[in-house]
Amino acid sequence: MSENIAAVIVAAGKGERMQASIPKAFLKLCGRPLFTYSLATFMQVKAVSKYVVVVPENKIKNTRDICSKFFGDKQTKRINIVKGGDCRQVSVENALKALSSDTAWVLIHDAARPLVDNKLIKRVIDNTKQYGAAVPGIKAVDTLKKINLRENLGSTVNRDSILYVQTPQGFRLTTLRKAYMQARQKSLFATDDASLIQALGKPVKVVLGSPLNFKVTFPEDKILTTAILNYKRKKNVENRSRL
Ligand code: CTP
Ligand code: MG
């Protein structure tokens, strides 16, 4: 049986909380559109052989041009660019339709998480193959409180029972398709893919995520991301000059 692994980068959101004039995934950070960072990282992982990028319909041509510029025409031919929907769930659904049946495993990743690293991706792949479904997560560090409608503090939540869930989330393609079909039939709505797998009654393994794999959401996140990208670039230059 084929063990092909596909990476789906969802980049079709408006980025309303970012309050920018263009979709969040197309914002330029250190000279490159946001979505190209995670796509480049997935392209470095040998086990991943297919890529789907989901973008707003009016950005399809622009996305192809951006990919050609940053990855070259040959690599760009391997990237399937598809149109997104009104919500993340429909964007993922469109990507699942675009995948051929020789794909065994699928990793769904938010373009809004540009700092995902190879090790995290490999951890998700290994655990997905072992357990059928895996997601990265990190424990909360702050004290967590419930709030009432007037935003006054309520009870404290035990933070050991809370997990910040990230992407990439890994699944067997046939199971994820089933989960999305059930969601459509039962009108289930979720902000991540694991929720829909859980709705099928299937277990999802948690693997260690990374604090750097945060979701670029608000304008301040651009400052932090740019600083980290510059730091990484400087490190790379230093490492190369030592060789
Ligand atoms: N996404 C998508 N299609 C949508 C909505 C979201 O592909 N209709 C993608 C986003 O591009 C992002 C990821 O899902 O990479 C996570 O969503 P989020 O961070 O909420 O991004 P946006 O929806 O773009 O931002 P906002 O909620 O602030 O509008
Ligand atoms: Mg959103």
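Residues numbered from 1 in each chain as written. Chains lettered and ligands numbered in written order. Predicted model: local features only at pLDDT ≥ 70, side-chain atom pairs only at ≥ 80, totals over all residues. Heavy atoms only, no water.

Asks: Break down the overall build of the protein for me, citing the residues and quoting the values.
Replies: Across its full length, the protein carries seven helices and 12 strands. Rg of the C-alpha trace for the protein: 18 Å, near the compact-globule value of 18 Å for 243 residues, within the 12% margin. For the protein, the spread of C-alpha atoms along the three principal axes comes to 55 × 45 × 40 Å. In the protein, which comprises 243 residues, the share counted as buried stands at 46%. In the protein, of all internal contacts separated by at least 6 residues, the share reaching a separation of at least 24 is 73%. Of the accessible surface of the protein, which amounts to about 13,500 Å², a share of 52% is contributed by carbon and sulfur atoms. Here the protein carries 42 positive and 19 negative side-chain charges, and the mean point of each set is 4 Å from the other. (Helix = DSSP H or I, 4+ residues; strand = E, 2+ residues; numbered from the N terminus. Rg over C-alpha atoms; globule rule 2.2 N^0.38 Å. Buried < 20%, exposed > 50% of the residue type's maximum accessible area, 1.4 Å probe, protein only. Contact = heavy atoms within 4.5 Å. Areas by Shrake-Rupley, 256 points an atom, 1.4 Å probe, with all protein chains shown as cover. Lys, Arg positive; Asp, Glu negative; His and termini not counted. Charge placed at Lys NZ, Arg CZ, Asp CG, Glu CD.)

Asks: Requested: an account of the pattern of salt bridges, with residues and values cited.
Replies: Two side chains of opposite charge can pair, provided their charged atoms sit close to one another. If you walk through the whole model with that rule in mind, you get six salt bridges. A salt bridge links R184 to E93, with the nearest nitrogen and oxygen atoms 2.8 Å apart. Here E93 lies in helix α3 (residues 88-98) and R184 lies in helix α5 (residues 173-186), a separation of 91 residues in the sequence. Residue R113 pairs with D110 through a salt bridge whose shortest N-O separation is 3.2 Å. Judged by its relative accessible area of 8%, R113 falls in the buried class. (Salt bridge = Lys/Arg side-chain N within 4 Å of Asp/Glu carboxyl O.)

Asks: Which residues make up the packing of helix α1 (residues 34-44) against helix α2 (residues 60-76), and what values do they have?
Replies: The interhelical angle for the contact between α1 and α2, taken along N-to-C directions, is 25°, at an axis separation of 11 Å. Viewed along their axes, α1 and α2 adopt a mutual orientation that is roughly parallel. α2 is crossed by α1, and the crossing has right-handed handedness. Residues F35, T36, L39, A40 and M43 of α1 pack against T63, I66, C67, F70, F71 and Q75 of α2. Grouping the constituent residues of the contact of α1 with α2 by class yields eight nonpolar, three polar and no charged. (Axes fitted to C-alpha atoms, helices over the stretch in contact; angles between N-to-C directions. Parallel < 35°, antiparallel > 145°, perpendicular 65-115°, else oblique. Left-handed = near helix turned anticlockwise from the far one by under 90°. Nonpolar A, V, L, I, M, F, W, Y, C, P; charged D, E, K, R; others polar.)

Asks: I'd like to hear about the nonpolar core, residue by residue, with values.
Replies: Grouped burial of nonpolar side chains is what soluble globular proteins tend to show. One finds F35, L39, F42, V48, Y51, I79 and L107 to be the most contacted residues of the largest nonpolar core, which totals 32 residues. Where this core is concerned, the elements lending two or more residues are β1 (4-10), α1, β4 (48-55), α2, β5 (79-83), β6 (103-110) and α4 (118-131). With five residues, α1 is the largest single contributor of residues to this core. Of all hydrophobic cores here, the second largest spans 25 residues; its members include A6, F171, A190 and L196. (Core = buried A, V, L, I, M, F, W, Y, C linked by side-chain atoms within 4.5 Å.)

Asks: Could you give me a rundown of the side chain of T36, with the residues and numbers involved?
Replies: Topologically, T36 is positioned in helix α1. Not counting residues up to four positions away in its chain, the partners in contact with T36 are I66, F70 and F71.

Asks: Describe the site of ligand 1, listing the residues and the values that go with them.
Replies: Neighbouring ligand 1 are 18 residues; V10, G15, E16, R17 and S91 lie closest to it. At a separation of 3.0 Å, an oxygen atom of ligand 1 approaches a polar backbone atom of G13. Within the backbone of E16, an N or O atom sits 2.7 Å from an oxygen atom of ligand 1. Starting from 560 Å² of accessible surface for ligand 1 in isolation, the protein chains cover 87%. In the shell around ligand 1, the residues fall into six nonpolar, four polar and eight charged. (Near = heavy atom within 4 Å. Polar contact = N/O pair within 3.5 Å; in protein donor to acceptor, adjacent residues only side chain to side chain.)

Asks: Which residues make up the packing of α3 against α5, and what are the values?
Replies: α5 packs onto α3 with a crossing angle of 135° between their chain directions and a minimal axis gap of 11 Å. With respect to α5, the axis of α3 lies oblique. Judged by the twist between their axes, the crossing of α3 over α5 is left-handed. Facing Q89, V90, V92, E93 and L96 of α3, the residues of α5 in contact are L173, L176, R177, Y180, A183 and R184. Its residues assigned to classes, the contact of α3 with α5 shows seven nonpolar, one polar and three charged.

Worth remembering: the numbers are spatial, not functional.
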